[in-house]
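# Descriptive analysis of the structure
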Amino acid sequence: MTEMTKSTIGRRQVLKGAGVVAAGTAALATPVKQAEAAKKVPRWAMVMDLRRCIGCSACTVACKAENNVSLGRFRTVIQHKMIGTFPNVTKVNLPLMCNHCTSNKEDASAKVPPCVKICPEYPGERQTYVTPEGKKIRYRGGATYRRPDGLILVDVEKCIGCGKCIDGCPYGVRSFDPFTKAGKKPEKQAVDKCDFCKHRIDNGVEPACVNTCQGRARIFGDLNDPESEVAKLVKEHNLEKSVLLPEEKTNPHVFYIDPDNLLKTAYRQREKGKLDHYVDTLDG
Amino acid sequence: MATARKDMAETAASRSNVYGLLAAVFRAEPSAAFLAQVKSSEFANVLESLDLSLGDDFQDTPCDQLVEGLAVEYTRLFIGPGPRISPHESTNIEFENPMEGTLWGPQTVKVKKFIEAAGLAYDELFDGMPDHVSAELEFMQRLATKEAEAWEERNEEFATNILKIEERFLDEHLSLWISRFCDKVIEHSEHPFYQGFAEVTKGFLEYEGKSLQAFNSGTGNGRGFPD
Amino acid sequence: MKSLNRRNFMSLSAASGAVLAAGAVDSRPALAGSVTFAKGGRDFSPVTGRERKAIPTACWQCVTRDSLIGFVEDGRLVKLEGHPESIRTNGVICAKGQAGVNQVYFPDRILHPLRRVGKRGEHKWKRISWDEALDEIAARLKPLRDAGTPEKFMFQYGRMKASQSKVMSDFMAAYGTKTIGNHTSICEGGKWTSQELMWGGHYDNWDFDKTDFVLIFGSNMLNTHTNHIPVAQKLIEAHVGRKVPVYVFDVRLTNTAAHADEWIPINVGKDGLVALSMVNVIMNEGLYKKDLFKFMKVSADRKASMDEKIAAVKEQVAKFTPEFAEKESMVPAGKIRDLARRFAKSKSGVVVSYRGTIAHQHGADQERAMMLLAAVTGNVNSPGGRCQGVGAGWKSPKSKHPKARALDINHGFPGQVAYPTHKVSNQVLKMIKDGRNGRPEVYMWACYNPVYVNGEVNENREIMMDESIMPFLVCSTIVYDESSSLADIIVPDVTYLERWDWEDMVSPTQVAEYYFRQPLIKPLGESRDFGDMCVGLAKRLGIELAWKDKEDFVRQSCEMTPGVKEAGGFEYMKKHGVWHDKNANPDYLAFETRIPASALEADGVIFDEASGVYWNWHESKAKTEAEAKTVGYQNTPKSYKGFVGQEVDGEVYRGFKPDAVNKSGFLEFYSELMKAKGMPVFPTYTPIPEHVEMAPDELHLTTYKVAVHTHSRTSHCKWLSEIYHDNPGWMNPKTAAERGLKDGDVIRVHNKLGGITTNVHVTEGIIPGVIAISYHVGREHSGRYGSGSPSPIPGVADDPDFNNKWWDKHGVHPNAIIASSPDEISGQQRWMDTVVRVEKA
């Protein structure tokens, strides 16, 4: 067994503008300061290119492996849907996960998504976020809260297991983790969902689902950096409105490149608290 | 004090013996020589006094025959195919998150580090996982032997230290899963030999837990162990 | 039992001490060294700062074998990712690769050698030591060798490649047996045979980086392919990034078809016909490119002029009009014309074909039609075209060996198959049952599951259960499955994440990548690499091998392989995992290379007038030059091995060098070899007999694979079986309505071989007249996540995640009603020719 040294692995710059250069793999990541990096706070976002998603489920399994997710739960899935009548039929593979939204229907200026707004533990005590350049930003914590870089996160220590955020999420991506106790009410289960692989991106490495995507259908980066691929794609394909359930006014930060306008037809709103998966793979 | 120390040394050596025997039972299929000793009157009497039987025909069956039958049973129980009771801490301990409880899982690492921190290494030819029941029992055997030596050498501080470590290993590891494991063996074994030794193991570890706790907390009789 | 008190504790201890003191415990201690913690004053708190080691290695879930980085924490494998420096994969792996961790730690893994003590299939075992296992196997092998019948030792593998395969064949050769079976005929052997008859060599790559048009027949290459990740990502890039048109012909709306410009539904077994009708359009409309015709053999006359060649092709495909093709295939004639024209007019284009095309009677001929379409448009071994695959050319140590002998049971029954160049694995058990060509005394297999993966599962099981015809069965495996459960001795194989290998799978860039596999962790339990097992057997048999163990074999290979050696050999590969020549470029149009006159004057080189081939008769089986000249190139056994060059229009070229059959150096479409065996001399359309005879109420049964499983080696991987564990039969609404079926109904699918019961999945994504049932599932034994229970009996819930297993369906296995039947040209298993009736159960 030989350990691979950092220098032996080629680097692919993935997370531009955040002041970090990403290696292809988690362990090898060494955040490197870029002198000319933008001073802005990053706004992490993902673009799902439906032209490129081939429904292979590598992302789903990579997420399980990376985050040690037990059987019975998924943080990201591919929804398969046949559209049309033989022989004029096609199929959409739709990657789904937490949209890391910014706002909500009732109060567009709130700058928090419905799951955060509804959290009884939000707003909690002040926290500090340090940008990759070392700039400190104060924000309000909570059991479910929004970090200044746009990540919607769960703090299991503060969670009371009430499940209101599960009901609040219009996308059904949140679920109780039967194996994590809610910190403030240990007799209840804490809530769990995709966290954009926070532990990786904080070290300058792209999320596990992005890393393994053979079609490069998942593109991750900083929307606040006009040079980033996600920013360019959002601009080029006019993706501001190309999100799931725009009528919910949640301002999601997972965008879909959907030139054939299939998103609306293909998306089946999920049952609360469950990213069920198997029912779709019959058509896989 | 001298008597108490002698008692402590004797107790530790005695505990080491039982751990050693139980480690041997779960390490591998029994040999004919081993079975001959288990058949000895001394051991038989002990079993009888504990109200335990290794099978009605255990004493009368020739060792060679027992060896074959027990080897098949050992395979069925612990190697598979068969009920295949995983004899490992990581797969038997109850976790809040079952993802911790995988074969060669994080718990296995904890056991390995605990044992290695005591200056021991796993034998190169040992082919089990680091948290195999026999490795854990053997570890306790080694600790108790060392403890006995310390008492003999009048190194009370060291001896007491080892006792604390023994208790800690029981608390953090062995006691957390051994009875669950033994219950599975008792339920699934088709041979009274393994059912019997599972009973002994379970009973002994319960006794151990109580004894060590009593000693380390200073309760019990003057010798630190309950009668 | 009474509870312990001090008194009975002390007597238990005394008795225990007596047992120990008597030296009756002969097992080795688990722990070495002595307790030393007092001095150091070390604490016992768990170490918190965890380090993840990154180790380059390679995948083995499927034959694609992507380069990997394995992450190891405290001696535990925790995560696998793609190797970012691999030019084959660009750091990407698939779902199966991501689940590789499951291969190592699944709770039902076989970790010790086992000897059967009950009847076969009774599931009664005794753990034995490796020494006992090897002694027993050697005791069976030695007499066979001593008696001069080493061929009665048969070895068969499912997946062995690169160094794994070399080590095995080196050992077998040193022992003296060539009775070595494979599994290629149930995979895509027919495609390879077909290619060997045309361009020599096998394996095609598609130059997606440069191509301008893509036609895909019978291949879900974006999800399942023998070179999946490398080619799939390039296809997506071409299609989305460069807007290259992609059209997919398939009976099912696969994920590949769904991503094409258009899914073109096609009837079962008609791919070749559609390709021929496209050639018809291209020839009749003068859209062909002349470039390649010079090197094509399209008629009996090897000296035919360009015009004669063009006329010959026209004549051969004249009857395959688009209208005729439409009638048979349901592909509209207008669509065929349109695609033929656009394809021919594109600067370059690729024709992809796979099992949907070739797993038929005369599937090998359908592949010839595909190649013809590529050839008349000038898209063979050209930029952006269909190219011969380029993989790494490793050198490796070879042991001395006697002349090996073989039982003739790997090539089908006499007269059954014309060119079984990749053997006929689907007939091996039938031949053993038949016995006319002898039976192996010892049958050993590794990384293979003969009962499950072949057709006629029930017969396979019966044959392997019968000790009178298969007296001694040895299996190297990691899982207790449908076949290993019948073995006499099971030895525990390592997983691919615990072993050494060099690797050589084809590169999509046409530049070879040399890559490497190394153990990420110490092998679990007593598992041992197959190669190291061979070393143990060799020692017992008195066989001297040129390598000490598998690691040494790989080390030596690294030190003797040009390029890798200069880069730093074994140590370099351990550190980097991948190497390629940075100055190498794709060798397009290599067939146009001239052969220097000196090569033609070398000792033994003679000219064959009939074929136009220069060849060295020394390399063949010919005994004298006179014999070689009299018998001629085509009919001298192994003459192809001496191929030097092909005379074309008075010049000698490298041409399309043969590597398995005595073809000429032309790209052969008019094949004297096919003619000699009574097979179609030129690519044609031969209706499949079973399909011609179909009754109106019968359906085609087609099979397929999904992205998250290999055929038979991943169902015990929980993350994969969680996603895919059930396989209802796909059926078009029209076909379902005719049978009164609605989605989800329980159905019985049956024919003369028997029946299976499953549900029907009514979907618009399949043509009428067909039921499609996938592979992978329907496991009798494959661990608790595959079959539903820890085989062979429900066991103990000692894998905590097992409590979270939420699915209780485990699918059906279609092979029970599929005949083990080879294509008469190649031996390819005819997976797609099965006919069934379907009723509500």
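Residues numbered from 1 in each chain as written. Chains lettered and ligands numbered in written order. Predicted model: local features only at pLDDT ≥ 70, side-chain atom pairs only at ≥ 80, totals over all residues. Heavy atoms only, no water.

### So, the overall build of chain B
What counts here: Secondary structure elements follow DSSP: runs of H or I of four or more residues count as helices, runs of E of two or more count as strands, with numbering from the N terminus. As defined in this context, the radius of gyration uses C-alpha atoms, and a globule is described by 2.2 Å times the residue total to the power 0.38. To sort residues, take the accessible area from a 1.4 Å probe on protein chains only and compare it with the maximum for the residue type: under 20% means buried, over 50% means exposed, and anything in between is partly exposed.
Secondary structure assignment for chain B yields 9 helices and 1 strand. Secondary structure of chain B in N-to-C order comes out as α-α-α-α-α-α-β-α-α-α. In terms of overall size, chain B behaves like a compact globule, its C-alpha atoms giving a radius of gyration of 18 Å where 227 residues would be expected to give roughly 17 Å. Seen along its three principal axes, the alpha-carbon backbone of chain B occupies a region of about 50 × 45 × 30 Å. Relative to its 227 residues, chain B shows a buried fraction of 61%.

### A short note on the interface of chain C and chain B
Selection criterion: Residue contacts are defined here by distance: any two heavy atoms, one from each residue, within 4.5 Å place the two residues in contact. Note on terms: buried area is the combined drop in 1.4 Å-probe accessible area of two parts once they are placed together, counting the loss on both. By salt bridge we mean one thing: a side-chain nitrogen of Lys or Arg within 4 Å of a carboxyl oxygen of Asp or Glu. What qualifies as a polar contact is a pair of N or O atoms within 3.5 Å, subject to a donor-acceptor requirement within protein and to the restriction that residues adjacent in sequence count only when both atoms come from side chains. When residues are grouped by polarity, Ala, Val, Leu, Ile, Met, Phe, Trp, Tyr, Cys and Pro land in nonpolar, Asp, Glu, Lys and Arg in charged, and all others, Gly among them, in polar. For two strands to pair, DSSP has to find at least two bridges joining them.
Taken residue by residue, the interface counts 75 residues in chain C and 86 residues in chain B. Around 7300 Å² of area is buried between chain C and chain B when both sides are counted, 63% of it from carbon and sulfur atoms. Run the count over chain C and chain B and you get 3 salt bridges. Note that D74(C) is salt-bridged to K113(B), the shortest N-O span being 3.0 Å. Across the chain C-chain B interface, the total number found is 15 residue pairs in polar contact (both at pLDDT 80 or more). Secondary structure elements with two or more residues in the side of chain C that touches chain B: α1 (6-21), β1 (31-32), α2 (37-40), β6 (125-127) and α27 (718-723) of chain C. Sorting elements by how many residues they give to the side of chain C that touches chain B places α1(C) first, with 14 residues. Residues that form the side of chain C that touches chain B fall into these classes: 38 nonpolar, 17 polar and 20 charged. Note that strand β1 (residues 121-122) of chain B and β1(C) share 2 bridges and pair antiparallel.

### Section: the pairing of strand β10 (residues 218-222) of chain A
Taken residue by residue, a regular strand's side chains alternate between the two faces of the sheet. All names here are of chain A. Of all 5 residues in β10, 5 are buried, a share of seventy percent or more. Relative to β10, strand β1 (residues 44-49) runs antiparallel, the two being bridged by 5 bridges. The residue bridging M48 from the neighbouring strand is R218, located in β10.

### Re the side chain of S484(C)
Looking at where S484(C) falls in the secondary structure, it is placed in the loop between β17 (472-477) and β18 (489-492). If near-sequence neighbours (up to four positions away) are discounted, S484(C) is found in contact with W125(C), W445(C), C475(C), T477(C), V479(C) and I490(C).

### Focus: the packing of helix α12 (residues 322-329) of chain C against helix α13 (residues 333-345) of chain C
All names here are of chain C. Heads up, the rule is: Every axis in this analysis is a line fitted to C-alpha atoms, fitted for helices over the stretch in contact. Angles between the N-to-C directions lie between 0 and 180 degrees. If an angle is under 35 degrees, it is roughly parallel; if it is over 145, roughly antiparallel; if it lies from 65 to 115, roughly perpendicular; otherwise it is oblique. Handedness of a crossing follows from how the near helix is turned relative to the far one, being left-handed for an anticlockwise turn of less than a right angle and right-handed for a clockwise one.
Contact geometry of α12 with α13 gives a least axis separation of 8 Å together with a crossing angle of 125 degrees. As judged from the angle between their axes, α12 and α13 are oblique. Here the hand of the crossing between α12 and α13 comes out right-handed. On α13, the residues that touch P322, E323, A325 and E326 of α12 are A333, I336 and R337. When the residues that make up the contact of α12 with α13 are grouped by side-chain class, the tally is 4 nonpolar, no polar and 3 charged.

### Examining helix α7 (residues 133-152) of chain B
Residue and element names in this part refer to chain B. What counts is decided by this rule: The span one expects for a helix is its residue count, reduced by one, times 1.5 Å.
Its 20 residues place the ends of α7 29 Å apart at the C-alpha level, agreeing with the 28 Å of an ideal helix rising 1.5 Å per residue. Burial analysis of α7 places 15 of its 20 residues in the buried class, which makes it a mostly covered element. Looking one or two residues beyond α7, the residue adopting positive phi is R154, at roughly 60 degrees.

### A few points about the pairing of β17(C)
Residue and element names in this part refer to chain C. Burial runs high along β17: 6 of the 6 residues are buried. Burial along β17 is two-sided: F472, V474 and S476 facing one way and L473, C475 and T477 facing the other are all buried. Here β17 runs beside β18; their pairing, made up of 4 bridges, is parallel. Within β18, the position partnered with S476 by the bridge is V491.

### Notes on the confidence of the model for chain B
Here is the rule: Known as pLDDT, the predictor's per-residue confidence is scaled from 0 to 100.
For chain B, the mean per-residue pLDDT works out to 89, and 95% of the residues sit at or above 70. This stretch, residues 220-227 of chain B, has a pLDDT under 50; its non-local contacts, to residues over four places away or in other chains, come to 21 contacts.

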